[in-house]
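Structure assessment
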Amino acid sequence: MKESFFDELGFSTRAVHAGEEIDYENGPGDVVAPLHLTTTYARKTLDETPGGYDYIRSGNPTRTALEKKLAAVENAGYAFAFSSGLAAETSLLLSFLKEKDHIVAFDDLYGGTLRIFRKILPQYGFEVSYADATKPEEVAAAIRPDTRIVWIETPSNPFMRLCDIRAIAEVAHKAGALLVADNTFLSPYFQRPLDLGADIVSYSATKYISGHSDVLAGAVLTNDKTLAERIYLQQNATGAVLSPFDSYLVLRGLKTLELRMERHQQNALQIARFLEAHPRVERVFYPGLESHPQYALGKKQMTGSGGMLSFLLRGDKNYVEEFMGRLHLIPMAVSLGGVESLIEVPAYFSHASVAPEVRLRSGITDNLVRLSAGIENTADLINDLKTALNN
Ligand SMILES: *Cc1c(COP(=O)(O)O)cnc(C)c1O
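Residues numbered from 1 in each chain as written. Predicted model: local features only at pLDDT ≥ 70, side-chain atom pairs only at ≥ 80, totals over all residues. Heavy atoms only, no water.

This part takes up the nonpolar core. Core analysis: the biggest nonpolar cluster contains 50 residues, and Leu-93, Phe-117, Leu-121, Val-150, Trp-151, Ile-152 and Leu-179 have the highest contact counts within it. Excluding its chain neighbours within four sequence positions, the residues that come into contact with Phe-117 are Leu-93, Ile-103, Ala-105, Leu-109, Pro-122, Val-128, Tyr-130 and Trp-151. Ranked by size, the runner-up nonpolar core spans 44 residues in total, among them Ala-15, Ala-76, Leu-249 and Val-250. (Core = buried A, V, L, I, M, F, W, Y, C linked by side-chain atoms within 4.5 Å. Buried < 20%, exposed > 50% of the residue type's maximum accessible area, 1.4 Å probe, protein only. Contact = heavy atoms within 4.5 Å.)

Listed below in structure tokens is the structure:
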């Protein structure tokens with residue numbers, strides 16, 4: 001499945017062309033992969049499935065085009081597109097867990113992932129232990145003989161903590177467990193966990209990969225054929241596939257990933273520096289700032305710091321609410337990774353589903369604000385924040 005032709009080419013070349021090679025023989029020579037809506041494919045004989053396609057859940061040419069493009073930009077052998085990031089996570093967990101298996105998870109994860117771990121998996125007898133995965137030795141200490149999966153997210157959400165992917169892969173492999181990395185925040189443009197030793201990478205493609213806040217999608221990638229076969233079995237059997245139309249939208253978005261990520265990062269870094277110097281801001285969390293406690297690790301395993309940052313305002317909930325109300329350009333909304341900047345307060349949005357005591361223990365207070373830097377003009381964004389902070 002690996003496209004040796006694209007292996008030699010740069011990121012944007014792969015993002016634009018892979019999966020959409022022009023087929024001069026079998027059609028009008030589409031430059032853009034067409035949107036195939038058909039749910040079924042007619043056969044001429046009993047045995048033959050045309051192009052390997054049989055029924056829409058099992059395979060669809062638009063989804064195949066996207067999966068090839070995703071694999072090419074990730075340097076992965078296999079990619080699978082799902083109907084949402086959480087559908088991708090659930091499918092991949094169910095692909096590999098057997099009765100009573102144990103999971104070690106980073107204690108600083110996306111709220112929706114934590115909800116699966118805390119509310120859904122225990123119903124089936126799966127146990128989850130939480131560890132501070134910024135310290136590989138704590139992951140090692142949490143591992144048990146029945147540990148099947150180690151699950152990390154780096155940078156984490158909302159504190160942009162980093163996990164050493166290479167070190168944790170070693171710890172997981174020594175115990176015979178699989179390492180899964182949720183790479184949503186950086187996208188394959190800034191970090192490729194498979195290249196660093198992870199077995200599986202998982203995405204909410206709703207975010208940077210599609211990039212325009214208009215489609216819900218997820219993806220799972222791996223280099224291992226045996227793992228890929230299990231993931232495909234699960235995907236086809238349980239059915240959380242990405243629809244053709246949504247595949248088409250993600251295909252379109254993915255082509256500009258490099259351009260967007262560069263600009264997201266440029267804006268995030270300038271905003272982070274501006275906020276760090278502002279008297280109404282107590283602290284800024286952004287891996288691209290020299291003040292980030294794991295700045296050196298970031299330099300080692302990431303090729304950029306991404307577009308996400310969070311910060312603590314000096315003030316209470318009322319001040320935070322007033323600050324938000326004074327922003328003209330940046331809407332107060334959850335989610336991230338779109339061309340437009342978005343701002344939110346994790347305690348009320350992204351982490352509202354996390355139990356209050358767990359939230360406070362992890363430091364998610366009412367004055368913690370998370371910003372997804374869009375691709376707008378940098379000065380316009382900083383002016384918007386400046387006005388809102390100063391008033
Ligand atoms: C949004 C998000 C998810 C969940 O993805 P959906 O597409 O919303 O289902 C998982 N992980 C991270 C880091 C996310 O930001």
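Having put the structure on the table, let's press on.
The environment of the ligand is made up of 15 residues, and the closest members are Gly-85, Asp-182, Ser-204, Thr-206 and Lys-207. Ser-204 has a polar side-chain atom sitting 2.8 Å from an oxygen atom of the ligand. A distance of 2.8 Å separates an oxygen atom of the ligand from a polar atom in the side chain of Lys-207. Across the complex, the protein chains shield 93% of the 380 Å² of accessible surface that the ligand would expose by itself. Considered class by class, the residues forming the shell around the ligand number six nonpolar, five polar and four charged. (Near = heavy atom within 4 Å. Polar contact = N/O pair within 3.5 Å; in protein donor to acceptor, adjacent residues only side chain to side chain. Areas by Shrake-Rupley, 256 points an atom, 1.4 Å probe, with all protein chains shown as cover. Nonpolar A, V, L, I, M, F, W, Y, C, P; charged D, E, K, R; others polar.)

Once that is clear, we can look at the environment of Glu-8. Here Glu-8 is to be found in the loop between helix 1 (4–7) and helix 2 (11–17). The exposure class assigned to Glu-8 is exposed, which follows from its relative accessible area of 69%. Placed 124 residues apart in sequence, Glu-8 and Asp-132 show a C-alpha to C-alpha distance of 37 Å. (Helix = DSSP H or I, 4+ residues; strand = E, 2+ residues; numbered from the N terminus.)

On to the pairing of strand 7 (residues 218–222). Most of strand 7 is tucked away, with five of its five residues classed as buried. Taking every second residue as pointing to the same face, both faces of strand 7 are buried, with Gly-218, Val-220 and Thr-222 on one and Ala-219 and Leu-221 on the other. Where strand 1 (residues 78–82) and strand 7 come together, five bridges link them in antiparallel fashion. Looking at the pairing, Phe-82 lines up with Gly-218 of strand 7. (Pairing = 2+ DSSP bridges.)

Helix 5 (residues 111–120) packs onto helix 4 (residues 85–96) with a crossing angle of 35° between their chain directions and a minimal axis gap of 10 Å. The chirality of how helix 4 crosses helix 5 is right-handed. Taken together, the residues of helix 5 that come into contact with helix 4 (itself represented by Leu-86, Glu-89, Thr-90 and Leu-93) are Gly-112, Thr-113, Arg-115, Ile-116 and Phe-117. Here the contact of helix 4 with helix 5 is composed, by residue class, of four nonpolar, three polar and two charged. (Axes fitted to C-alpha atoms, helices over the stretch in contact; angles between N-to-C directions. Left-handed = near helix turned anticlockwise from the far one by under 90°.)

What follows covers the domain arrangement of the protein. What the domain assignment lists for the protein is domain 1 (7–254) and domain 2 (257–390). Look at where the C-alpha atoms of domain 1 and domain 2 centre, and you get two points 26 Å apart. Taken together, the contacts link 37 residues of domain 1 with 42 residues of domain 2. Both sides together, the interface formed by domain 1 and domain 2 hides about 3300 Å², and carbon and sulfur atoms give 59% of it. Of all residues in domain 1, the largest losses of buried area upon contact with domain 2 belong to Phe-159, Phe-190 and Tyr-208, amounting jointly to 25% of the total for that side. Here domain 1 and domain 2 share one salt bridge between them. Inspection of the region where domain 1 meets domain 2 yields 17 residue pairs in polar contact (both at pLDDT 80 or more). At the level of elements, helix 2, helix 5, helix 8 (187–190) and helix 10 (244–254) are the ones that each hand at least two residues to the side of domain 1 that touches domain 2. When the residues that make up the side of domain 1 that touches domain 2 are grouped by side-chain class, the tally is 19 nonpolar, 13 polar and five charged. (Domains from an automatic or database assignment. Buried area = accessible area lost by both parts, 1.4 Å probe. Salt bridge = Lys/Arg side-chain N within 4 Å of Asp/Glu carboxyl O.)

This part takes up the pairing of strand 4 (residues 147–153). The element strand 4 is largely enclosed, with a buried count of six among its seven residues. When strand 2 (residues 102–106) meets strand 4, the two strands line up parallel, connected through four bridges. Bridging across to strand 4, Ala-105 finds its partner in Trp-151. When strand 4 meets strand 5 (residues 178–182), the two strands line up parallel, connected through five bridges. Bridged to Ile-149 within strand 5 is Leu-178. In the classification by handedness, the crossover that spans strand 4, the intervening helix 7 (residues 165–174) and the parallel strand 5 is right-handed. (Right-handed = clockwise from strand over helix to strand, strands pointing away.)

Let us look at the sheet that holds strand 9 (residues 308–313). Strand order in this open sheet of four strands is 8-9-11-10, and the pairing throughout is antiparallel. With partners counted over all chains shown, the strands left at the sheet margins are strand 8 (281–285) and strand 10 (342–344), one partner each. Taking the axes of each pair of neighbouring strands and ignoring which way they run, one obtains an average angle of 20° across the sheet. Alignment of strand 9 against strand 11 (residues 368–372), held across five bridges, turns out to be antiparallel. Residue Ser-310 lies in a different strand from strand 11, and its bridge partner there is Arg-370.

Another point: a nonpolar patch on the surface. Nonpolar side chains collect at one region of the surface, where Ile-22, Tyr-24, Val-31 and Val-32 lie side by side and expose about 410 Å² of accessible area between them. Residue Ile-22 is classed as partly exposed on the basis of its relative accessible area, which comes to 34%. (Patch = residues over 30% accessible without salt bridge, like charges linked within 9 Å, V, L, I, M, F, W, Y side chains within 5 Å.)

As for its position among the elements, Glu-67 is in helix 3 (residues 61–74). Since its relative accessible area comes to 10%, Glu-67 is described here as buried.

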